[in-house]
Amino acid sequence: MKRFSDAELQRVKDRHPISSIIGPHVTWDRAKTQPGKGDFWACCPFHGEKSPSFHCEDPKQRYHCFGCGAAGDQIRFLQDFKGMSFAEAVEALGGDAEAEPLSAEEVARQAAETARRREQAEAEAERRRREEIARALKIWNLGGRVSGTEGAGYVRGRGLLPCPVSLPIRFVPHLKYWHQRKVPGQKKPELFVLFSGPALLLPATFADGSFAGVHMTWIDPARPGKKIQIEDPEAEPNADGTRPLVAPRKYRGSQRGATLKLWTPERFDRLVMGEGWETTASPLVAEFGMPVFERTAYWVAISLQNLGGKAVASVDHPELLNTAGRPLKVPGPVPDLSDPRAIAIPDCVREFLPLGDGDSDRFTVCQVLERAKARYQTPDRVVSPKLAPDGMDFNDLLQEGASA
Ligand SMILES: [Zn+2]
């Protein structure tokens with residue numbers, strides 16, 4: 001087997017910014033990317049997603065997907081995305097196993113330089129995170145009361161009204177939906193307002209109760225209970241000429257470790273946590289009046305992966321492939337317990353019920369539920385994951401129960 005010196009590996013990586021290796025395989029997100037700072041975001045090339053959680057940083061020479069946990073450097077990317085061996089990847093980047101080793105001083109100098117760049121990048125990331133939370137707070141402050149608005153029509157249409165408790169929802173009659181488009185001859189896509197329409201807002205908070213971000217759902221006032229359906233003018237048309245729809249929900253702020261707290265009794269020892277707010281509000285409405293309701297908090301994990309937290313490793317999806325024709329990587333069943341930004345479950349919780357929707361990819365959902373179980377089960381706490389039937393979520397179940 002070929003061996004490359006550490007210095008040679010570093011030289012190879014220094015010659016190829018990681019964004020230049022990954023760039024040809026993704027579309028950088030205009031809203032979050034800052035090319036001048038070597039900070040790039042895209043939809044993940046390893047797992048299917050509609051909003052960008054794949055982060056690529058030139059100063060750190062690392063990529064990391066907050067959705068599936070895929071992470072590594074230039075070499076790792078070529079191995080995992082293109083299926084190259086380690087040696088093939090290094091040589092594809094111009095590496096030479098016979099290269100002269102560097103002097104000890106030069107190695108130390110390079111290591112110090114790498115550490116300095118990493119520190120700078122981390123400080124910068126923290127500053128941007130705080131800015132993003134401040135922007136999210138401005139959006140949340142646009143919201144007003146829901147009752148008597150088109151927003152109430154949506155909530156009622158989902159079978160969630162009358163609601164026994166007051167949910168922390170706000171309504172905005174005209175909320176801008178920002179989108180991005182490619183500009184010919186320009187590397188960076190440009191942002192524009194695709195439409196402006198009625199939307200419901202929910203606040204996300206961290207474990208200490210501080211504001212983390214805002215969750216937005218654009219609704220269709222003409223069809224109570226339905227989200228807005230707007231075609232994505234930038235997407236490739238389907239075979240029938242229609243275009244895929246834009247996501248009717250967005251989240252701004254900092255997501256990891258944050259939850260939407262729909263209802264928290266003063267004292268509780270049971271916690272129900274779903275991926276979306278409608279699916280989590282459904283058991284709340286269904287369980288109202290039962291003894292169990294009195295001791296249950298209903299929180300929303302915001303995203304499926306947030307529910308299980310970071311995985312130690314990704315696993316190959318048994319059926320789905322990535323754009324390079326290799327098995328799609330999804331975060332595996334074993335939790336990374338050192339992850340400081342996993343959702344914190346309060347000690348008072350003796351019974352934890354993570355909900356998995358049946359309308360997401362089942363294999364991916366099962367990995368998340370297994371991870372949540374392994375992460376949160378303790379001698380004092382039972383974790384009982386619940387999976388909705390295939391093709392359904394817990395809101396479908398509530399509505400079916402109501403009409404039956
Ligand atoms: Zn990913």
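What counts and what doesn't
Residues numbered from 1 in each chain as written. Predicted model: local features only at pLDDT ≥ 70, side-chain atom pairs only at ≥ 80, totals over all residues. Heavy atoms only, no water. Helix = DSSP H or I, 4+ residues; strand = E, 2+ residues; numbered from the N terminus. Rg over C-alpha atoms; globule rule 2.2 N^0.38 Å. Buried < 20%, exposed > 50% of the residue type's maximum accessible area, 1.4 Å probe, protein only. Contact = heavy atoms within 4.5 Å. Areas by Shrake-Rupley, 256 points an atom, 1.4 Å probe, with all protein chains shown as cover. Lys, Arg positive; Asp, Glu negative; His and termini not counted. Charge placed at Lys NZ, Arg CZ, Asp CG, Glu CD. Polar contact = N/O pair within 3.5 Å; in protein donor to acceptor, adjacent residues only side chain to side chain. Core = buried A, V, L, I, M, F, W, Y, C linked by side-chain atoms within 4.5 Å. Domains from an automatic or database assignment. Phe/Tyr/Trp six-rings, centres within 6.5 Å; stacked < 30°, edge-to-face > 60°. Lys NZ or Arg CZ within 6 Å of the ring centre and 35° of its normal. Pairing = 2+ DSSP bridges. Axes fitted to C-alpha atoms, helices over the stretch in contact; angles between N-to-C directions. Buried area = accessible area lost by both parts, 1.4 Å probe.

In the nomenclature of an unreviewed UniProt entry, the protein chain is known as CHC2 zinc finger of Roseibium suaedae.

Remarks on the overall build of the protein chain
Along its length, the protein chain carries 10 helices and 16 strands. Here the protein chain has a C-alpha radius of gyration of 23 Å; the compact-globule value for 404 residues is 22 Å, and the two agree. Here the protein chain holds 404 residues, and 48% of them are scored as buried. For the protein chain, restricting intrachain contacts to residue pairs at least 6 apart in sequence, the fraction spanning at least 24 positions comes to 66%. If you sum the accessible surface of the protein chain, you get close to 20,200 Å²; carbon and sulfur atoms cover 53% of it. Placing the 55 positive and 54 negative side-chain charges of the protein chain at their respective mean positions leaves the two points 4 Å apart.

Some points on the side chain of Thr-296
Relative to the elements of secondary structure, Thr-296 occurs in strand S11 (residues 296-300). What makes Thr-296 buried here is its relative accessible area of 0%. A polar side-chain atom of Thr-296 sits 2.8 Å from a polar atom in the side chain of Arg-270. Engagement of the side chain of Thr-296 in a polar contact is seen with the backbone oxygen of Val-292, the distance being 2.6 Å. Those residues in contact with Thr-296 that lie beyond four places of it in its chain are Trp-263, Pro-265, Phe-268, Arg-270, Val-272 and Glu-287.

A short note on the nonpolar core
In terms of nonpolar packing, the biggest core is built from 50 residues, with Leu-200, Leu-262, Trp-277 and Leu-284 touching the most fellow members. Looking at this core, the element that brings in the most residues is strand S6 (residues 190-205), giving 6 residues. Mapping this core onto the domain boundaries places at least three of its residues in each of domain 2 (145-254) and domain 3 (255-404). Not counting residues up to four positions away in its chain, the partners in contact with Leu-200 are Val-146, Gly-151, Tyr-154, Val-155, Ile-169, Arg-170, Phe-171, His-215, Met-216, Thr-217, Ile-219 and Trp-277. In this structure, Trp-28, Cys-68, Ile-75 and Leu-93 belong to the second largest nonpolar core, which totals 25 residues.

Structural notes on the packing of aromatic side chains
Scanning all chains against the criterion turns up 17 aromatic pairs. When the ring of Tyr-177 is compared with that of Phe-195, the centres are 4.9 Å apart and the planes differ by 15°; the resulting orientation is stacked. Of this pair, Tyr-177 sits in strand S5 (residues 170-181) while Phe-195 sits in strand S6, placing them 18 residues apart in sequence. The residues Tyr-177 and Phe-195 share a single accessibility class, namely buried. Lying over the aromatic face of Trp-41, Lys-32 brings its terminal NZ or CZ to 4.0 Å of the ring centre. Against the face of Tyr-177 rests Lys-250, its NZ or CZ located 3.9 Å from the ring centre.

Topic: unusual backbone geometry
Residue Pro-162 follows Leu-161 across a cis peptide bond; omega there is 0°. Inspection of the secondary structure assignment puts Pro-162 in the loop between helix H6 (150-157) and S5. Phi is positive for Gln-61, close to 55°, though the residue is something other than glycine. Within the secondary structure layout, Gln-61 lies in the loop between strand S2 (54-57) and strand S3 (62-65). Positive phi outside glycine occurs at Ile-302, with the angle close to 75°. According to the relative accessible area criterion, Ile-302 is buried, its value standing at 11%.

Quick look at the sheet that holds strand S8 (residues 249-253)
Strand order in this open sheet of 4 strands is S5-S6-S7-S8, and the pairing throughout is antiparallel. Each edge of the open sheet carries a strand with a single partner, namely S5 and S8. In this sheet, adjacent strand axes meet at a mean angle of 40° when their direction is disregarded. Examined bridge by bridge, S5 and S6 share 10 bridges and lie antiparallel to one another. From the neighbouring strand, Leu-175 faces S6, where its bridge partner is Gly-197. With respect to the sheet, helix H5 (residues 104-140) is in contact with S5, S6, strand S7 (211-218) and S8, its orientation differing from that of S7 by roughly 50°. On the sheet, H6 packs against S5, S6 and S7 and is oriented at approximately 65° with respect to S6.

A look at the domain arrangement of the protein chain
If you check the domain split of the protein chain, you get domain 1 (6-102), domain 2 (145-254) and domain 3 (255-404). When each unit is reduced to the centre of its C-alpha atoms, the spacing between domain 2 and domain 3 is 22 Å. Taken together, the contact between domain 2 and domain 3 spans 28 residues of the former and 24 residues of the latter. Of the roughly 2,000 Å² buried between domain 2 and domain 3 on both sides combined, carbon and sulfur atoms contribute 65%.

Focus: H6
Of all the positions in H6, only Gly-151, Ala-152, Gly-153, Tyr-154 and Val-155 are classed as buried. Each element contacted by the buried residues of H6 is listed here: S5, S6, S7 and helix H7 (277-287). Regarding H6, its N-cap is Thr-149, as a side-chain oxygen of that residue lies 3.0 Å from the backbone nitrogen of Gly-151 further along. At the exit of H6 stands Gly-159, carrying a positive phi of roughly 75°.

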